[in-house]
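This is what each chain is made of:
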Amino acid sequence: MLLWLIFALLTAAVLAAVLAPLARPAREAEADAGAQAVYRHQLDELEAERARGLVEPAEAESARIEVSRRLLASAAAADLETAKPSQTRLPGRGPVALAVAVLIPVLTLALYLTHGSPGLPAYPVAGRAQLPPGQAEIGELIARVEARLRQHPEDGDGWDVIAPIYYKLGRFREAAGAYARAAALKGETAQRLAGFAESNVFAADGIVGEEARAAYEKILKIEPGRIEARFWLALAKEQDGKLADALADYRALLAEAPAGAPWREAVESRIADVSRRLAGAEKADPRAPGPSTADVAAAEKLAPEDRARMIAQMVEGLAERLKRDGRDLAGWQRLINAYAVLGRAQDARNALSDARKQFTADETALAALAALAKSLGLGS
């Protein structure tokens, strides 16, 4: 309200400055009339003094001429002002200008008081956390909920509200924590368990960890036919190297999928990829399967020269085979692991890079490689 009063006063001041010239001609005309009366009075006094002999005739004539010249100049200026069309004298121009300067802001203020909202409270920056939810931005909403949860961590509804927001913003670790708190306070439902599990998977770059698996298994006890839980558990088997079991689960899902199911294409893609990897494993040369961690550990018991020769043969044999068949994810994992065990960190990173090039379009394989790299300290 105070702001609008200030605006009204400013408007009045501007109008007064703009309308001031309207009153100026009248004041100038009055000044000209007064000057002419003074000049005429001077002429009368001069003539009286000349008659009484107080002034020499020559001086009186000279003074009369000068005063008459000024009288004529004043009269001529008054006639010129009268002739200007833009300054034609209007009766009462001063009061009109004053009335306009006062009435316009007064009428404006009256219209605002009638149709505006002068009683609406202000919302300074410091108090915007108190805005109604419909007027606050998403960041302010999150800040409000987080502030409340810091004061009341037992508020299950608050954790329920903020968990899906974290998830949509890609803050998966925070989302998993919020879902877990909501489930602990309000009970485990299929929706909370699914949110917790998916947040965990995405926070781990696509790896279905133990916590996520346990959550999906609980979901299947609550809703035995839930599709996403079955899919993620099949993916977990695939990531563990249990390709045959994963393939069976994928095929069971596909057999139950309606024709227009949005997840049908994803299941078909996994079936094709796992089938290809199983076929590649069957065709691989059994004489050069590549060293496992146990193979490398056993080689440690040999003489240094024999051990080095044996490990080199196994590693090089596996590396050569992967050059011919680069779609063997398990082979790449064994090769990277062997290099890491031998302390050949740079070779392990090179093998990791080559493996990723083979699986650029396979998110599951890339996630498995990322998990292995992280476990071996090769980065992510």
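Note that the structure is predicted; figures quoted are calculated from it, not measured.

Undergrad: When you look at the overall build of the chain in this model, what are you seeing that I'm missing?
TA: Of the regular secondary structure elements, the chain holds 16 helices and 0 strands. Taken across its 380 residues, the chain has 31% of its residues classed as buried. Considering only contacts within the chain whose residues lie at least 6 apart along the sequence, 53% involve residues at least 24 apart. Surface accessibility of the chain: about 23000 Å² in total, with carbon and sulfur atoms responsible for 59%.

Undergrad: Just to check I follow, could you spell out the nonpolar core for this structure?
TA: General note: in soluble globular proteins, nonpolar side chains tend to be found buried as a group. Of all hydrophobic cores here, the largest spans 37 residues; its most connected members are Ile162, Val208, Tyr216, Trp232 and Tyr250. Mapped onto this core, the elements with two or more residues apiece are helix H4 (138-151), helix H5 (156-168), helix H6 (172-186), helix H7 (190-203), helix H8 (210-222), helix H9 (227-239), helix H10 (243-256) and helix H11 (264-283). Broken down by element, this core gets its largest block of residues, 7 residues, from H9. If sequence neighbours within four positions are ignored, Tyr250 has contacts with Phe231, Ala234, Leu235, Glu238, Val267, Arg270, Ile271 and Val274. Within the second largest apolar cluster, 21 residues are counted, among which are Leu329, Ile336, Ala348 and Leu352.

Undergrad: Would you take a moment to explain the environment of Leu366 for this structure?
TA: Within the secondary structure layout, Leu366 lies in helix H16 (residues 363-376). On a C-alpha basis, the gap between Leu366 and Leu352 in space is 10.0 Å, while along the polypeptide they are 14 residues apart. Residues within four places of Leu366 in sequence aside, it is in contact with Arg356, Phe359 and Thr360.

Undergrad: Help me out: how do you make sense of the side chain of Arg192 in this one?
TA: Along the chain, Arg192 turns up in helix H7. At 2.8 Å, the side chain of Arg192 and the side chain of Asp160 are in polar contact. The residues touching Arg192, leaving out its near neighbours within four places in the chain, are Asp160, Tyr179, Ala182, Ala183, Lys186 and Gly187.

Undergrad: Where do I start with the confidence of the model for the chain in this structure?
TA: Regions with low pLDDT carry predicted coordinates that are not meant to be interpreted in detail. Confidence along the chain averages 75 in pLDDT terms, with 63% of residues attaining 70 or more. Confidence over residues 125-136 falls short of pLDDT 50; this stretch has 13 contacts with residues more than four positions distant or in other chains. Segment residues 284-293: pLDDT under 50, and 17 contacts once partners within four positions in sequence are set aside and those in other chains are kept.

Undergrad: Looking at this structure, I do not really get H5. What am I missing?
TA: Think of an α-helix as turning once every 3.6 residues; residues three or four places apart then point the same way. Taking 1.5 Å per residue, 13 residues should reach 18 Å; H5 reaches 19 Å between its end C-alpha atoms and fits that length. Among all positions in H5, only Gly156, Gly158, Trp159, Ile162, Ala163 and Tyr166 are buried. Where the residues of H5 are buried, they touch H4 and H6. At the N-terminal boundary of H5, the capping side chain belongs to Asp155, with an oxygen 3.2 Å from the backbone nitrogen of Asp157. Gly170 sits one or two residues past H5 and shows a positive phi near 80°.

Undergrad: Looking at this model, I keep getting lost on the pattern of salt bridges. Mind explaining?
TA: For side chains of opposite charge, pairing can occur when their charged atoms come near one another. Inspection of every chain in the model, using the stated rule, returns 23 salt bridges. When the shortest N-O distance is used, the salt bridge between Arg321 and Asp328 registers 3.1 Å. Connected via shared salt-bridge partners are Glu238, Arg270, Asp273, Arg276, Arg277, Arg327 and Asp362.

Undergrad: Can you walk me through the packing of H8 against H9 in this structure?
TA: The geometry of a pair of packed helices is captured by two quantities: the angle between their axes and the separation between those axes. Where H8 contacts H9, the two axes come as close as 9 Å, and the packing angle between them is 140°. Here the hand of the crossing between H8 and H9 comes out left-handed. Counting all contacts with H8, which are made through Arg213, Tyr216, Glu217, Ile219 and Leu220, the residues of H9 involved are Glu228, Ala229, Arg230, Trp232, Leu233 and Ala236. Residues of the contact of H8 with H9, tallied by class, amount to 7 nonpolar, no polar and 4 charged.

Undergrad: Please clarify how the packing of aromatic side chains should be interpreted in this entry.
TA: For any pair of aromatic rings, geometry is given as the distance between the ring centres together with the angle between the planes. Inspection of the entire model under this criterion finds 7 aromatic pairs. Plain terms: the ring middles of Phe202 and Trp232 are 6.1 Å apart, the flat faces sit at 90° to each other, and that makes the pair edge-to-face. Residue Phe202 is located in helix H7, and its partner Trp232 is located in helix H9; the two are separated by 30 residues in the primary sequence. The exposure class of Trp232 is buried, given its relative accessible area of 14%. Ring plane angle 10° and centroid distance 6.4 Å describe the contact between Tyr216 and Trp232, whose orientation is recorded as stacked. One end of the pair, Tyr216, is in helix H8; the other, Trp232, is in helix H9, and 16 residues separate them in sequence. With respect to class, Tyr216 is no different from Trp232; both count as buried.

Undergrad: What is the right way to look at helix H15 (residues 345-358) in this model?
TA: Along its 14 residues, H15 runs 20 Å from first to last C-alpha, staying within 8% of the 20 Å computed at 1.5 Å per residue. Of the residues making up H15, those classed as buried are Ala348, Ala351, Leu352 and Ala355. Projected down its long axis, H15 shows its buried positions confined to an angular sector of 105°, all on one face. Contact partners of the buried residues in H15: helix H14 (329-341) and H16.

Quick notes on the rules
- Residues numbered from 1 in each chain as written.
- Predicted model: local features only at pLDDT ≥ 70, side-chain atom pairs only at ≥ 80, totals over all residues.
- Heavy atoms only, no water.
- Helix = DSSP H or I, 4+ residues; strand = E, 2+ residues; numbered from the N terminus.
- Buried < 20%, exposed > 50% of the residue type's maximum accessible area, 1.4 Å probe, protein only.
- Contact = heavy atoms within 4.5 Å.
- Areas by Shrake-Rupley, 256 points an atom, 1.4 Å probe, with all protein chains shown as cover.
- Core = buried A, V, L, I, M, F, W, Y, C linked by side-chain atoms within 4.5 Å.
- Polar contact = N/O pair within 3.5 Å; in protein donor to acceptor, adjacent residues only side chain to side chain.
- pLDDT = per-residue confidence, 0-100.
- Expected span 1.5 Å × (residues − 1).
- Salt bridge = Lys/Arg side-chain N within 4 Å of Asp/Glu carboxyl O.
- Axes fitted to C-alpha atoms, helices over the stretch in contact; angles between N-to-C directions.
- Left-handed = near helix turned anticlockwise from the far one by under 90°.
- Nonpolar A, V, L, I, M, F, W, Y, C, P; charged D, E, K, R; others polar.
- Phe/Tyr/Trp six-rings, centres within 6.5 Å; stacked < 30°, edge-to-face > 60°.
- Arc of directions from axis to C-beta.

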